[in-house]
Protein chains: 2
Amino acid sequence: MLLNTINEVRAEVKKWRAEGLKVGLVPTMGALHEGHLSLIKRAKTECDKVVVSVFVNPIQFGPSEDFDKYPRTLDEDMKLCDGEGVDIVFAPTPKEMYGDCRLSNDCLTYVCPPFFFVDKLCGKSRVGHFDGVCTVVMKLFNIVQPDCAFFGQKDAQQVIIIKKMVRDLNIPVEVIQCPIVRENSGLALSSRNKYLSDEGKKDALVLSQILNNIKACYKKGVTDIEALKETAYSYLTEKHDLEYLEIYNKNTLEEEMDANDNSIALIACKVEGVRLIDNIYFSEV
Amino acid sequence: MLLNTINEVRAEVKKWRAEGLKVGLVPTMGALHEGHLSLIKRAKTECDKVVVSVFVNPIQFGPSEDFDKYPRTLDEDMKLCDGEGVDIVFAPTPKEMYGDCRLSNDCLTYVCPPFFFVDKLCGKSRVGHFDGVCTVVMKLFNIVQPDCAFFGQKDAQQVIIIKKMVRDLNIPVEVIQCPIVRENSGLALSSRNKYLSDEGKKDALVLSQILNNIKACYKKGVTDIEALKETAYSYLTEKHDLEYLEIYNKNTLEEEMDANDNSIALIACKVEGVRLIDNIYFSEV
């Protein structure tokens, strides 16, 4: 069922709640791919009812970012959701979500994650991005009031920040993190892959290759963080505009002395002007 | 019933919810007086069950403010709450609310109200105060999940900001605003009145006198904002350290060309080093 207004969603979820049903939320920006579908499938196994939100959230895009050209494919998304047995697709307009408020921290209440978690990785180049993410996720949580919400490990910094928000603000929602889905080539699925040419997709394989190699080196006994990071350079060509490659603690995003089983390697790199991210855990435990 | 932990409160409220009972929350910092009791009485009439939180919230005090000496009178507060038939008094420790997190926006997720509402009145001298207020109120909302929450008009800027937060973040709580309670002298009740000597309490009457006079002048036809504000100076002596006196729209805190029935006059003034605030609506509609 496609719903566009907050009141309709609330009315529907209220009925479910009265029946004691368990509600799951999968927040998305649409342009759904197998990565999103893996979240939806997981939600279907964990919950009685599943809401998928499809909302390209203006306040998480910077002024020079791709808000306008971000892929919007609602008809396709609806078909995919129907195929998975999604109960509600919630696709509000920006006006439904933000009213006539000017979208700035001069006029709108924001949820602001801690600087320590934001001032690195994607947060460093995407100033204000995670304020926008936390604010819209908080709004969706308050609108749907789900028992569980499902996020992909692909956006690793985002999940860590949302888990932190949930703890810090005592939000009564369980955050469930799902693994990255990849093409057979190793390329992590992303709605932004649509921007790439065939050749660009080949060049983009370098991200997962670098991460796999770092993990392989760690498994062979290399724990020096700088040494692990330096292994990346043999993969990079003039086609790759590396933004960051870091190895941090996977829960706290702290720099540690040496790599260990709690480490995560994270990379962001532009290919054909398209900003791609990927990450890998050093241990799957 | 006195409860100190988040889990205990949640367990108790969950039972009520299963019975379909309506839950009210009265957030306080304790040192309860008739002003708080008026909120509790109102909550008792509107709701089946009433939770009063008593928590002197460290993150809403500035470094040079009175966090350490703020009155803490939990035994007295408990007696007053019992007398009103309060169902739960929730009195957590700072550690229960914030864990071992350092209390700064480097380490903690904050809810940040818009600059426009914050960068004036009390927010101007109390930098970060309303971030602290919104953050703790959001936490209490998420812990108790009340249907309604009760706030006093005494802290006018606070209620306006909380209502804005509720709208902006789609929080499923109804905010109910209750009138200021005053001593017969006209002095607005405040936990900080305890800091005043008998003489100081007399000097403090000037706040309500100034506000009453401004409203009287408005009722006589004066709508020029500067003219209304200037009527205050005849009341002020060297005992009064005026921080602000402003006339704004009572809902938006905007400056308007002329005073009107939607205006509110707000004053902050130190007496004997004690910072006191008061406000008055130009029309009770």
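Residues numbered from 1 in each chain as written. Chains lettered and ligands numbered in written order. Predicted model: local features only at pLDDT ≥ 70, side-chain atom pairs only at ≥ 80, totals over all residues.

### Re the interface of chain A and chain B
Interfaces are frequently sized by the accessible area removed from exposure as the parts join.
Then, number 1: With 25 residues of chain A at the contact, the number on the chain B side is 25 residues.
Then, number 2: Of all elements in the fold, only strand S5 (110–112), helix H5 (115–118), helix H7 (129–144) and helix H8 (156–168) of chain A reach the threshold of two or more residues within the side of chain A that touches chain B.
Then, number 3: A total of four residues in the side of chain A that touches chain B trace back to one element, the largest contributor, which is H7 of chain A.
Then, number 4: Each residue belonging to the side of chain A that touches chain B can be placed in one class, and the counts come to 16 nonpolar, five polar and four charged.
Then, number 5: Where S5 of chain A meets strand S5 (residues 110–112) of chain B, three bridges bridge the pair, whose relative direction is antiparallel. Across the sheet, residue Val111 of chain A finds its bridge partner in S5 of chain B, namely Val111 of chain B. (Contact = placed C-beta atoms within 7 Å. Helix = DSSP H or I, 4+ residues; strand = E, 2+ residues; numbered from the N terminus. Nonpolar A, V, L, I, M, F, W, Y, C, P; charged D, E, K, R; others polar. Pairing = 2+ DSSP bridges.)

### As for the relation of the copies chain A and chain B
Then, number 1: For the pair chain A and chain B, the superposition axis carries a translation of 0.0 Å, the fit reaches an RMSD of 0.0 Å, and the rotation angle comes to 180 degrees. Viewed as a symmetry operation, the transformation between the two copies matches a two-fold axis. Minimal C-alpha distance to the rotation axis in chain A is attained by Val111 of chain A, lying at 2.3 Å.
Then, number 2: Here 100% of the contact residues of chain A are again contact residues in chain B; the copies associate through an equivalent surface. (Least-squares fit on C-alpha atoms with pLDDT ≥ 70 in both.)

### Re the environment of Ala91 of chain A
All names here are of chain A.
Then, number 1: When you line up the elements, Ala91 lands in the loop between strand S4 (88–90) and helix H4 (94–98).
Then, number 2: Classification of Ala91 as buried rests on a count of 20 C-beta atoms within 10 Å.
Then, number 3: On a C-alpha basis, the gap between Ala91 and Met78 in space is 10.0 Å, while along the polypeptide they are 13 residues apart.
Then, number 4: For Ala91, the residues in contact, after removing those within four places along its chain, are Leu2, Asn4, Val54, Phe55 and Leu74. (Buried ≥ 20, exposed ≤ 12 C-beta atoms within 10 Å, placed from the backbone.)

### Digging into helix H1 (residues 6–18) of chain A
Then, number 1: Compared with an ideal rise of 1.5 Å per residue, which puts 13 residues at 18 Å, H1 of chain A spans 18 Å between its outermost C-alpha atoms and is within 8% of the ideal.
Then, number 2: A positive backbone phi angle near 75 degrees is found at Gly20 of chain A, which sits one or two residues after H1 of chain A. (Expected span 1.5 Å × (residues − 1).)

### As for the sheet that holds strand S8 (residues 240–249) of chain B
All names here are of chain B.
Then, number 1: Judged by pairing direction, the sheet is antiparallel, and its three strands sit side by side in the order S8-S9-S10 without closing on themselves. Strands with a single pairing partner mark the edges of an open sheet, and in this sheet they are S8 and strand S10 (274–281). Averaged over all pairs of adjacent strands, the angle between their axes in this sheet comes to 15 degrees, without regard to strand direction. (Axes fitted to C-alpha atoms, helices over the stretch in contact; angles between N-to-C directions.)

### Looking at the sheet that holds strand S8 (residues 240–249) of chain A
Residue and element names in this part refer to chain A.
Then, number 1: The three strands are arranged S8-S9-S10 in an open sheet whose pairing can be described as antiparallel. On the outer flanks of this sheet lie S8 and strand S10 (274–281), each paired with one strand and no other. Recorded for the sheet is a direction-independent mean angle of 15 degrees between the axes of neighbouring strands.
Then, number 2: In terms of strand pairing, S8 meets strand S9 (residues 263–271) through nine bridges, oriented antiparallel. Residue pairing across strands places Tyr248 opposite Ile264, the latter belonging to S9.

### As for the nonpolar core
Then, number 1: Within the largest apolar cluster, 162 residues are counted, with the highest numbers of intra-cluster contacts made by Ile267 of chain A together with Ile267 of chain B.
Then, number 2: Contact partners of Ile267 of chain A, with chain neighbours within four places excluded, come to Leu207, Ile210, Leu211, Tyr244, Leu245, Ile277, Asp278 and Asn279 of chain A. (Core = buried A, V, L, I, M, F, W, Y, C linked by C-beta atoms within 7 Å.)

### What to know about unusual backbone geometry
Then, number 1: At Gln145 of chain A, a position not held by glycine, the phi torsion is positive, near 45 degrees.
Then, number 2: Its place among the elements puts Gln145 of chain A in the loop between H7 and strand S6 (148–152).
Then, number 3: With a phi angle near 55 degrees, Asn170 of chain B is a residue other than glycine that sits in the positive phi range.
Then, number 4: Structurally, Asn170 of chain B is set in the loop between helix H8 (156–168) and strand S7 (174–178).
Then, number 5: For Asn170 of chain B, a count of 16 C-beta atoms within 10 Å translates into the label partly exposed.

### What to know about the domain arrangement of chain A
All names here are of chain A.
Then, number 1: With domains assigned, chain A is organised as domain 1 (2–178) and domain 2 (191–280).
Then, number 2: Look at where the C-alpha atoms of domain 1 and domain 2 centre, and you get two points 26 Å apart.
Then, number 3: At the interface, twelve residues of domain 1 touch twelve residues of domain 2.
Then, number 4: Elements with a contribution of two residues or more to the side of domain 1 that touches domain 2: helix H6 (121–125) and H8.
Then, number 5: Residues that form the side of domain 1 that touches domain 2 fall into these classes: eight nonpolar, three polar and one charged. (Domains from an automatic or database assignment.)

### Details of H8 of chain A
Residue and element names in this part refer to chain A.
Then, number 1: When the terminal C-alpha atoms of H8 are compared, their 18 Å separation across 13 residues agrees well with the 18 Å that a helix rising 1.5 Å per residue should span.
Then, number 2: Buried residues dominate H8, accounting for ten of its 13 residues.
Then, number 3: Residues of H8 that are buried: Ala156, Gln157, Gln158, Ile160, Ile161, Ile162, Lys164, Met165, Val166 and Asp168.
Then, number 4: Positive phi shows up at Asn170, right after H8, with a value of about 55 degrees.

### Let's talk about the pairing of S6 of chain A
Consecutive side chains along a regular strand alternate between the two faces of the sheet.
Residue and element names in this part refer to chain A.
Then, number 1: Counting buried positions along S6 gives four out of five residues, so the element sits mostly inside the fold.
Then, number 2: Pairing between strand S2 (residues 23–28) and S6: two bridges, direction parallel. Among the inter-strand pairings, Leu25 is bridged to a residue of S6, identified as Ala149.
Then, number 3: One ladder, built from five bridges, connects S6 with strand S7 (residues 174–178); its direction is parallel. Following the sheet pairing, Phe151 is matched in S7 by Gln177.

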